[in-house]
Amino acid sequence: MKILVCGGAGFIGSHVSKAIAVAGHQPVVFDNLSAGHEWAVQWGPLVKGDLGDPQAIESALRQHSIEAVVQLAGSINVGESMTNPGKYFRNNFSISTNLLEAMDAVGVRNIVFSSTAAVYGIPDASPIPEDAPKRPINPYGEAKYFVERLLDWYTRSRGFHCLALRYFNAAGADPSGQIGEMHTPETHLIPLVIYGALGKRPPVKVFGTDYPTPDGTAVRDYIHVTDLGHAHVAGLNYLAAGNPSTAVNLGTGTGVSVLEVLKAAEKAAGKPIPHELFSRREGDPPALVAKSDLAQQVLGWTAKHSGIDEIVRDAWVWSEKALRDGRYQE
Ligand SMILES: NC(=O)c1ccc[n+]([C@@H]2O[C@H](COP(=O)([O-])OP(=O)(O)OC[C@H]3O[C@@H](n4cnc5c(N)ncnc54)[C@H](O)[C@@H]3O)[C@@H](O)[C@H]2O)c1
């Protein structure tokens, strides 16, 4: 299959592109490089374009005879979405509308979409099943949920086959060291811990030590980006077989606390890692853990590399290499 990977120059998109290529398909990356990196596009051509431009999308679909699309492109900073909601509805929801219209015009109707645990907001219970209420608490999560609704309407009215993958906390790096996480600004815990330990950032801040969790710190479900890559290939195969549109969680079903992440990083570093304790941050749920059996049933996929030690080890190797290769950005 020839797959258009929108956002394929980014963290997850580059790993998805590699997984697609390793599975014997052809990724074509479509990315405006607003947050992605040209060095991360290693498994197929890069079309430098913006999903705000419907003509550019249509011509990429036609020129490369695309058969299915993975849509990872968008803005990803939850905090920024609270102060600049318009940006998030435009650069997550509106651009996805452009993409679906262009796909419809060209007759490409299979799409895998990067959704998020943020569609659930603060859940009533954890692990979170897919049919839990969708109550996003920020424009980032709301815009993602709007796209899921859009996919539902394109399924009903235009014959699309759509798969929304609700990632929990993507982390880790390809074990080869070829690609890994490089966000500017970085807001994700694991790179903040690692670059803090490597002396490139201030000591990491731990927000909240009195949550109703085993050690009092917030619990999240970390999923190795290599596992995410494999899930996208399984998703593309699922759609190619003509299966119905659906949405599934991508997580492990196991929660890991902030202090457990620190402990794993200390193991990788072989030394204690300085950190500072603060009170809770508003809007941070105590625990976000996926109920993860639907992905197994529907896609035949389970996480295989998402133990916290493996995630942190691969992220550590990547981060040291990124520093050596001059790819690290503040
Ligand atoms: N990282 C996580 O933990 C996580 C969790 C849940 C969901 N997601 C979703 O997964 C997707 C990928 O996340 P990531 O961490 O790889 O982010 P990223 O910022 O590394 O990648 C996003 C890519 O999209 C590109 N892009 C942005 N706007 C574009 C536009 N208008 N036109 C073309 N390209 C554009 C960027 O240049 C970048 O390469 C995002 O949609 C994000 O919301 C990520």
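Each value, and the rule that gives it
- Residues numbered from 1 in each chain as written.
- Predicted model: local features only at pLDDT ≥ 70, side-chain atom pairs only at ≥ 80, totals over all residues.
- Heavy atoms only, no water.
- Helix = DSSP H or I, 4+ residues; strand = E, 2+ residues; numbered from the N terminus.
- Buried < 20%, exposed > 50% of the residue type's maximum accessible area, 1.4 Å probe, protein only.
- Contact = heavy atoms within 4.5 Å.
- Phe/Tyr/Trp six-rings, centres within 6.5 Å; stacked < 30°, edge-to-face > 60°.
- Near = heavy atom within 4 Å.
- Polar contact = N/O pair within 3.5 Å; in protein donor to acceptor, adjacent residues only side chain to side chain.
- Areas by Shrake-Rupley, 256 points an atom, 1.4 Å probe, with all protein chains shown as cover.
- pLDDT = per-residue confidence, 0-100.

Some thoughts on the overall build of the protein
Now for step 1: For the protein, the helix and strand inventory stands at ten helices and 14 strands.
Now for step 2: Taken along the three principal axes of its C-alpha coordinates, the protein extends 55 × 45 × 40 Å.
Now for step 3: Out of the 330 residues in the protein, the part that is buried amounts to 52%.
Now for step 4: For the protein, long-range pairs separated by at least 24 residues make up 77% of all intrachain contacts whose partners lie at least 6 apart in sequence.

Observations regarding the packing of aromatic side chains
Now for step 1: Tallied over the entire structure, the rule returns seven aromatic pairs.
Now for step 2: Between W39 and W318 the ring centres are 5.6 Å apart and the planes differ by 40°, which places this aromatic pair in the tilted class. Here W39, found in the loop between β2 (26-31) and β3 (46-48), pairs with W318, found in helix α10 (residues 308-324); they are 279 residues apart in sequence, far enough to count as distant. Across the pair, exposure class does not vary: W39 and W318 are buried alike.
Now for step 3: Measuring from ring centre to ring centre gives 5.4 Å for F89 and F146, while their planes differ by 50°; the resulting arrangement is tilted. In this pair, F89 is assigned in helix α4 (residues 85-106) and F146 in helix α5 (residues 139-158), connecting sequence segments 57 residues apart.

Focus on the site of the ligand
Now for step 1: Contacts to the ligand come from 30 residues, most closely from I12, D31, L72, Y140 and K144.
Now for step 2: At a separation of 3.2 Å, a nitrogen atom of the ligand approaches a polar backbone atom of N32.
Now for step 3: Measuring from a nitrogen atom of the ligand, one finds a side-chain N or O atom of N91 at 2.8 Å.
Now for step 4: Contact with the protein chains hides 97% of the accessible area of the ligand, taken as 820 Å² for the molecule alone.
Now for step 5: When residues in the shell around the ligand are grouped by element, the largest group, three residues, is from strand β5 (residues 110-116).

Some points on the confidence of the model for the protein
Now for step 1: Chain-level statistics for the protein give a pLDDT mean of 96 and a share of 100% at 70 or above.
Now for step 2: Across the protein, the secondary-structure element scoring lowest on mean pLDDT is helix α3 (residues 78-83), at 93, and the one scoring highest is strand β1 (residues 2-6), at 99.

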